[in-house]
Amino acid sequence: MFWWGRNNLIINKNNMANCIYCSKEIGEGMRICQDCAKPQSDEFIPGEGLIEFDDWGGYDEKKELRPDVSSSLVESYNLFQEKLSPKCDIVYYPSCDLDSSPSIAFEKSRIIYVDIAENPIKILKDHGYEAHVADAKKFKPDEPVDILILLNPGETGVAPVKFLADQGYVLCNDYHDTATKLVQRGDLEFVAIIREDENKKKIFDSENPDEYWKEVSSDEELKTKPLYDFILKTLKKVHGEERLGEIIKRGEIVSEYTKILDSEEDILDESGFPIVLFDLPRKKGNMDNIFVFRKIKKVD
Ligand SMILES: C[S@@+](CC[C@H](N)C(=O)[O-])C[C@H]1O[C@@H](n2cnc3c(N)ncnc32)[C@H](O)[C@@H]1O
């Protein structure tokens, strides 16, 4: 049994995930609720293969699987193409596992899938995809690639960036600090974040996308973030209801919560266990978004 670590988990304002099929709130780290997970017949669950989920959303590896497609990823890749009209003859996806979403979004491209695990690669090959069992730290595509996809690449890290063609693009998320590592390099330009706006509509945000690396600095900014309710509850626990009212009135939510984060003292929940505190949210985006980088052309 293992866990899905895919990037189409939808984390809602309570920091829980929503089922990708019915949107019901489920535990963090899960992607599908028990009702939708239960096969009603012998048919495949769309995109999931014939799978029996246990109570925690894990599944048995021995069951028949087939390539997975994330509608969220396909939407992001389509938006990327619509906005930038990039050259995308060759798309390289190391550490792909069973995710075949690029084949839907980049339908005319040659897509090279690589994973060190044999099972997903066999399944991708059986479905007609070009897929290689290889260590992505050593695998060398036969040509420079136009698009490199790095989603939760694990120990592969950012090593495959060296195979990117001049002005080629990296599309990545930040669960494994991939975007954070790439933004520190000198050979890539950070172009945009593909993220959801307040109405849950996907947008191509190229205006100050590096605000992802900055924390909110005012109560006004914090109010729009999913963590707002959690932060209010924490302040109430520490200061009581009356003082919380004053903090809100004076616009001191961010500064008072920062003091709590900086203090060494534990805050205990009803059962006496320390509450895990979250850092202040970022000004924009989250680690699940698609970060778009372009390789800067070398000047000789
Ligand atoms: C967390 S999964 C991510 C799968 C997929 N990219 C996604 O986001 O849903 C990490 C994948 O990296 C693969 N992997 C780990 N180390 C690797 C390596 N050195 N070379 C190639 N694949 C590797 C694992 O087998 C696994 O399928």
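Quick caveat: nothing in here was measured; it's all calculated off a predicted structure.

Chemist: How do you make sense of the overall build of the chain when you look at a structure like this?
Modeler: Broken down by element type, the chain carries eight helices and 11 strands. With 300 residues in all, the chain has 32% of them scored as buried. At a minimum sequence separation of 6, the contacts of the chain that also span at least 24 residues come to 50%.

Chemist: What is the right way to look at helix 7 (residues 228–250) in this model?
Modeler: Every α-helix carries 3.6 residues per turn, so stepping three or four residues along brings you back to the same face. End to end, helix 7 covers just 16 Å across 23 residues, shorter than the expected 33 Å (1.5 Å per residue, more than 12% under). Of all the bends in helix 7, the largest measures some 115° and sits at glycine 240. Every buried residue of helix 7 is accounted for by Ile231, Thr234, Leu235 and Ile247. Buried positions along helix 7 lie against helix 6 (219–223) and helix 8 (253–262). Where helix 7 terminates, the next one or two residues include glycine 251, which has phi positive at roughly 70°.

Chemist: So what exactly am I meant to see when it comes to the nonpolar core here?
Modeler: The nonpolar side chains of a soluble globular protein tend to be buried, and buried together. Judged by nonpolar contacts, the single largest core of 43 residues is most densely connected at Val91, Leu148, Val170, Leu171 and Val292. Residues contacting leucine 148, with those up to four places away along its chain left out, are Tyr92, Pro160, Val161, Leu164, Gly168 and Val170. Ile231, Leu235, Ile247 and Tyr257 belong to the second largest nonpolar core, which has five residues in total.

Chemist: Explain the packing of helix 7 against helix 8 to me, please; I cannot follow it from the model alone.
Modeler: Packed helix pairs are specified by the crossing angle of their axes together with the interaxial distance, meaning the distance between the axes. Orientation of helix 7 relative to helix 8, taken along the N-to-C sense of each, is 140°, at an axis distance of 11 Å. Judged on the interaxial angle alone, helix 8 and helix 7 are oblique. The handedness of the crossing between helix 7 and helix 8 is right-handed. Residue-level inspection shows Ile231, Thr234, Leu235, Val238, Ile247 and Ile248 of helix 7 in contact with helix 8, the latter providing Ile253, Glu256, Tyr257 and Ile260. A breakdown of the residues in the contact of helix 7 with helix 8 according to their chemical character gives eight nonpolar, one polar and one charged.

Chemist: For this particular structure, what's the right way to read the site of the ligand?
Modeler: Taken together, 20 residues lie near the ligand, and Ser95, Asp97, Ile116, Ala136 and Leu151 sit nearest. Residues of the shell around the ligand, tallied by class, amount to seven nonpolar, six polar and seven charged.

Chemist: Got a minute to help me understand the pairing of strand 11 (residues 290–295) in this structure?
Modeler: Successive residues of a regular strand alternate their side chains across the two faces of the sheet. Judged by how many residues are buried, strand 11 sits mostly within the fold: five of six residues are covered. Relative to strand 11, strand 8 (residues 164–172) runs antiparallel, the two being bridged by four bridges. Note on strand 11: the bridge partner recorded for tyrosine 169 is arginine 294.

Chemist: Please clarify how the sheet that holds strand 10 (residues 202–205) should be interpreted in this entry.
Modeler: The strands that make up a sheet are held in pairs by hydrogen bonds between backbone atoms, and each pair lies either parallel or antiparallel. Pairing within the open sheet is mixed, and its eight strands lie in the order 6-5-4-7-8-11-9-10. The open sheet has two free edges, formed respectively by strand 6 (130–133) and strand 10, since each of these has just one partner strand. On average, each strand axis in the sheet is inclined to that of its neighbour by 20°, with strand direction left out of account. The strands that helix 2 (residues 71–84) touches are strand 8, strand 9 (188–196), strand 10 and strand 11; relative to strand 10, the one it contacts most, it runs at about 45°.

Chemist: Just checking my understanding: could you explain the pairing of strand 10 for this structure?
Modeler: Relative to strand 10, strand 9 runs antiparallel, the two being bridged by four bridges. Within the sheet, the bridge partner assigned to isoleucine 193 lies in strand 10 and is aspartate 205. Once strand 9 ends, the chain turns through five residues before running back antiparallel as strand 10, passing lysine 200 with a positive phi of about 65°.

Chemist: Got a minute to help me understand the environment of valine 91 in this structure?
Modeler: Counting through the fold element by element, valine 91 comes out in strand 4 (residues 90–94). Owing to 23 C-beta atoms within 10 Å, valine 91 belongs among the buried residues under this scheme. Note: C-alpha distance between valine 91 and valine 145 (54 residues apart in sequence) is 6.1 Å. Not counting residues up to four positions away in its chain, the partners in contact with valine 91 are Pro102, Phe106, Ser109, Ile111, Val145, Asp146, Ile147 and Ile149.

Thresholds, definitions, all that
- Residues numbered from 1 in each chain as written.
- Predicted model: local features only at pLDDT ≥ 70, side-chain atom pairs only at ≥ 80, totals over all residues.
- Helix = DSSP H or I, 4+ residues; strand = E, 2+ residues; numbered from the N terminus.
- Buried ≥ 20, exposed ≤ 12 C-beta atoms within 10 Å, placed from the backbone.
- Contact = placed C-beta atoms within 7 Å.
- Expected span 1.5 Å × (residues − 1).
- Bend = angle between axes of the 7 residues up to and from the residue.
- Core = buried A, V, L, I, M, F, W, Y, C linked by C-beta atoms within 7 Å.
- Axes fitted to C-alpha atoms, helices over the stretch in contact; angles between N-to-C directions.
- Parallel < 35°, antiparallel > 145°, perpendicular 65-115°, else oblique.
- Left-handed = near helix turned anticlockwise from the far one by under 90°.
- Nonpolar A, V, L, I, M, F, W, Y, C, P; charged D, E, K, R; others polar.
- Near = placed C-beta within 6 Å.
- Pairing = 2+ DSSP bridges.

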